[in-house]
Every structure is written in C-alpha cells, then in structure tokens.
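# Structural overview for review
What follows is each chain in one-letter form.
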Amino acid sequence: MKLKSCLTAVAVTTLLIAPAFAAESPGEVYGKLFSSQAEEVVAAAEAMPADKYDFVPTSGEFKGVRTFGQQITHIAEAQYFFFKGFGVKPTIDPEAITKLTNKDDIVKALKDSYAFAEQAMKTITSQNAFEKIGSVDGTDTRASIAAFGLSHTNDHYGQMVVYLRLNGIIPPASRK
C-alpha cells in the first residue's frame, strides 16, 4: 500500500509540474523523463566493456545478484512488461531478451525497449492518466505504471553505476 501511495504521489506531482514543461501533455512529460533516463542508462551500458558483461561483485553480500548484462536485459524486459497494457505492440518477443549474452545485442534490446516505452508514454493524456488499465506490480493506471517504470529502472541504474565503478569506469553521467 505504501508503494502504491508513493507512486500515486509521484504521478500526481508529475502531472502538477506539467505546466512547467510548457503545457505539454502528461505523455510528453513522461516521455521526456524516459528519454533523459534512457540516455544515462544506455550510456552506462555502452561504457562497460563487452568482456565485463558477466561481471558480478564478489566482495561483500552479492550472492545471487544479476550480472551487469543481466541488469540491462532485466531493464529491457521490464519495459515491455510494464507498458504492455498501453496499446503499443512490441516488435520483438520480450521473453527472448533474457537469453541475450552479446553486448551489442543487449544494448540494442535496451534501446528498443526504451523506444517501446516512449511510444507507450505518448498514449498518456490528461483524460486517461488515472484510468485503470490493469495491474502491474501493484500499480494500475498509466501514470502510476509510468512512475513505477522510472523508479524501477533508476534502482537498476544505481546498481549498474556500482558495477562500473568497481571496474574502474566512471559512469558517463558523472563525467560531465
């Protein structure tokens, strides 16, 4: 219940700040947030060398965590899971993403998943933002699912940053 309340608050706040985005639609606001997030996540994915995609931290409590590559495929697969109810059809089989092991294929899948999510964002209007469209991890409106999608990816991006730094790589977003 706390998660749902928190996500609803994020969604409402996002819609309230929409006027600051030059009176754009909620879909355009969410789309810009996803586009900005995509830039950071894709840049981080591209920064890790291909031979480190199977990297998992070993010093500390990291038993059973995802590899760097699995963090990315999880984000990509989750985009399709979260936004499947928005009326946009994927151009790939989302379940095939988890089987990818090649860096180039994984990064392409990530980029494609963001394109899919951004298409889903375009369907959010002031009229339908809070209509229930189906339950996704405890959220059920376009606005709350979009907020959850952003939050979920930020969690995994944070883990990616740790993996990069443990390999002596400064995340691209920190290089500015």
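Refer to the structure above for everything that follows.
In short, a report on the structure.

Cut-offs used in this document
Residues numbered from 1 in each chain as written. Predicted model: local features only at pLDDT ≥ 70, side-chain atom pairs only at ≥ 80, totals over all residues. Heavy atoms only, no water. Helix = DSSP H or I, 4+ residues; strand = E, 2+ residues; numbered from the N terminus. Expected span 1.5 Å × (residues − 1). Contact = heavy atoms within 4.5 Å. Pairing = 2+ DSSP bridges. Buried < 20%, exposed > 50% of the residue type's maximum accessible area, 1.4 Å probe, protein only. Polar contact = N/O pair within 3.5 Å; in protein donor to acceptor, adjacent residues only side chain to side chain. Axes fitted to C-alpha atoms, helices over the stretch in contact; angles between N-to-C directions. Parallel < 35°, antiparallel > 145°, perpendicular 65-115°, else oblique. Left-handed = near helix turned anticlockwise from the far one by under 90°. Nonpolar A, V, L, I, M, F, W, Y, C, P; charged D, E, K, R; others polar. Salt bridge = Lys/Arg side-chain N within 4 Å of Asp/Glu carboxyl O. Phe/Tyr/Trp six-rings, centres within 6.5 Å; stacked < 30°, edge-to-face > 60°. Lys NZ or Arg CZ within 6 Å of the ring centre and 35° of its normal.

## Quick look at helix 4 (residues 103-121)
Between its terminal C-alpha atoms helix 4 stretches 27 Å, which fits the 27 Å expected from 19 residues at 1.5 Å a residue. Contact partners of the buried residues in helix 4: helix 2 (26-47), helix 3 (68-83) and helix 5 (142-166).

## Here we look at the pairing of strand 1 (residues 132-136)
By the bridge criterion, two bridges tie strand 1 to strand 2 (residues 139-141) in an arrangement that is antiparallel. For V136, the partnering residue across the bridge sits in strand 2 and is T139. Between strand 1 and the antiparallel strand that follows it, strand 2, lie two residues; D137 among them carries a positive phi value of about 50°.

## Description of the side chain of S144
Following the sequence through the fold, S144 ends up in helix 5. The exposure class assigned to S144 is buried, which follows from its relative accessible area of 5%. A polar contact is formed between the side chain of S144 and the backbone nitrogen of D140, at a distance of 3.4 Å.

## Focus on the packing of helix 2 against helix 3
Where helix 2 meets helix 3, the closest approach of the two axes is 11 Å, and the angle between their N-to-C directions is 155°. Considering the angle they form, helix 2 stands roughly antiparallel to helix 3. For the pair helix 2 and helix 3, the sense of crossing is left-handed. Contact with helix 2, carried on its side by F34, V41, A44 and A45, involves F68, I72, I75, Q79 and F83 of helix 3 and no other residues of that element. In the contact of helix 2 with helix 3, the residues fall into eight nonpolar, one polar and no charged.

## Details of the pattern of salt bridges
Inspection of the entire model under this criterion finds four salt bridges. Across the salt bridge formed by K111 and E46, the nearest N and O atoms sit 3.1 Å from each other. Of this pair, K111 sits in helix 4 while E46 is found in helix 2, placing the two residues 65 residues apart along the sequence. Between K108 and D112 there is a salt bridge, with its nearest N and O atoms 2.7 Å apart. Of this pair, K108 and D112 both sit in helix 4, four residues apart, which is roughly one turn of the helix. Residue class for D112 comes out partly exposed when judged on its relative accessible area of 26%.

## What to know about the packing of helix 2 against helix 5
Relative to each other, helix 2 and helix 5 sit at 20°, their axes nearing to 10 Å. By the criterion of interaxial angle, the relationship of helix 2 to helix 5 is roughly parallel. By crossing handedness, the relation of helix 2 to helix 5 is classed as left-handed. Residues Y30, L33, F34, Q37, E40, V41, A44, A45 and A47 of helix 2 pack against A143, A146, A147, G149, L150, T153, N154, Y157, M160 and L164 of helix 5. Among the residues making up the contact of helix 2 with helix 5, the classes are represented as 14 nonpolar, four polar and one charged.

## Considerations on the packing of aromatic side chains
Two descriptors summarise a pair of aromatic rings, namely the distance from one centre to the other and the angle between the planes of the rings. In total, this model carries ten aromatic pairs according to the counting rule given. Between F55 and Y163, the ring centres sit 5.7 Å apart and the planes meet at 80°, which makes this aromatic pair edge-to-face. With F55 in the loop between helix 2 and helix 3 and Y163 in helix 5, the pair connects residues that are 108 residues apart, well separated along the chain. Y163 shares its class with F55; the two are buried. Feature note: the residues F34, F81, F82, F83, F86, Y114 and F148 constitute an aromatic cluster, connected by ring pairs. Taking the ring centre of F86 as reference, the NZ or CZ of R142 above it sits at 5.7 Å.

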